[in-house]
Structure formats: C-alpha cells, structure tokens
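Report on the structure
What follows is the residue order along each chain.
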Amino acid sequence: IAGITQAPTSQILAAGRRMTLRCTQDMRHNAMYWYRQDLGLGLRLIHYSNTAGTTGKGEVPDGYSVSRANTDDFPLTLASAVPSQTSVYFCASSDLAGAGRDTQYFGPGTRLTVL
Amino acid sequence: GQNIDQPTEMTATEGAIVQINCTYQTSGFNGLFWYQQHAGEAPTFLSYNVLDGLEEKGRFSSFLSRSKGYSYLLLKELQMKDSASYLCAVLSNDYKLSFGAGTTVTVRA
C-alpha cells in the first residue's frame, strides 16, 4: 500500500510556464487537499475537495486550479508560474468520517522552484 | 479564520522532557492535531484531541483546554530522532485544517 504519491519529486520551472503537480491516493479517502509550505509561514491550504466531482478554495488559491475527476487523483495546475509560487507542495487526504477519523495523511511533497 | 501560535524553536537534552505550547483563536473548532515533520519530509500524524484533557501515547502526550484555546505536546525521554518540527493544527467546523508555523525542536546529546 503506497498511501499517497506525488510527482514530480522536484522541478525547476521557468516563469510563465504551465505545470501540473500530480497526486494519487490508494486509501479510498473522500477528501483531498493541496498545501504549500514556506519557511516561517507553515502549511497553507490552496484548494481542497471533499468528494469526487467537487472542489473548493482554501486560504491561498490564486494562480492555482484543481480538478477531482475520481476518488484517487487530485492534480494541481499552475497555469502560468510566477517566482512567488516557489515552495514545497504537499498533497493530503482524509476520510472525513467524523468521530476522530478526519486525520489528514500527507504525501512526500513536491519541491518547486520557479525562476 | 484561525490564529494559531506556537514557539519557533526549542532546545533540550537527550533524555529530558520538552513541552510545546500552542494557543489558538478560531471561528469554529472540530479538534486539534499535532504532527511531526522531519527536515525534508512530509508531516506525520502524532495526536488528536477534541475533548478537554490529556491523551497519552507512549513517550508523547497531548493536552487540550477548549475554554482556554490552549494545547500542549509533551515529549518525554527525548531521543536524538525526536529532533524535528512539531506542527499544531486546528480543524474547523468545515473540516479545514489550519496550521501554526511549527516549533523546531533540537535534541542535544
């Protein structure tokens, strides 16, 4: 059982280019999330999806889009990358079953540098 | 929104005890989580509190006081491998997690 996988592990990208970060989970969790982590700021929620077919905006959604065509996959797209999007990106998933079963489990992360 | 505060850094000696405090102000509360994150790795789940009181799990314990908006993570019998960042996170009523900036704990021999 892999849990959550992310690809690529790291990427250097020219400003203005389009980039999709991939995230796949095999735990059949209902909800999936994308965070970015920057020094001194902690993890900030970009977008989330509580169930396949639905998505919502988090704290810092500008410049990012997501889709949730099925339960397992939750790609994050940067339409036109800018240097301020240089960060470490984590995907997470949870069961959203309540009663303490809402723990989020994280993928290994993607380190993105935009030049 | 959420406002979550925790100390930036703490240093302790191997075998000692360290307590990491977390205070929060939230517009809704559905539980508090602690995660451990080693440098260059993903956060991993440590503990969950939704009711007031102490939850103990081996060398790690977590405490919650909802009326005071306060939690702490207690690490006992510190080991070198406990050197990491510890993240306090609050789950809101709409099931979104808001994180503090993290506390970096350094364990010295």
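Residues numbered from 1 in each chain as written. Chains lettered and ligands numbered in written order. Predicted model: local features only at pLDDT ≥ 70, side-chain atom pairs only at ≥ 80, totals over all residues. Heavy atoms only, no water.

**Points about the packing of aromatic side chains**
One pass over the full model with this rule turns up 16 aromatic pairs over all chains. Centroid distance Y35 of chain B to F99 of chain B: 5.9 Å. Interplanar angle 50°. Geometry classified as tilted. Placement of the pair is Y35 of chain B in strand β4 (residues 32-37) and F99 of chain B in strand β10 (residues 97-99), with a sequence separation of 64 residues. When sorted by exposure, Y35 of chain B lands in the same class as F99 of chain B, which is buried. One aromatic cluster in this structure is built from Y33, Y35, F90 and F106 of chain A together with F33, Y35, F45, Y48 and F99 of chain B. (Phe/Tyr/Trp six-rings, centres within 6.5 Å; stacked < 30°, edge-to-face > 60°. Helix = DSSP H or I, 4+ residues; strand = E, 2+ residues; numbered from the N terminus. Buried < 20%, exposed > 50% of the residue type's maximum accessible area, 1.4 Å probe, protein only.)

**So, the state of the cysteines**
Evaluated as defined, the whole model comprises two disulfides over all chains. Across a sulfur-sulfur distance of 1.9 Å, C23 of chain A and C91 of chain A are joined as a disulfide pair. Taking the sign of the torsion about the S-S bond as the criterion, the disulfide between C23 of chain A and C91 of chain A, at about -70°, is left-handed. One end of the pair, C23 of chain A, is in strand β3 (residues 19-25); the other, C91 of chain A, is in strand β9 (residues 87-94), and 68 residues separate them in sequence. Each sulfur of the disulfide joining C22 of chain B and C88 of chain B lies 2.0 Å from the other. (Disulfide = S-S within 2.5 Å.)

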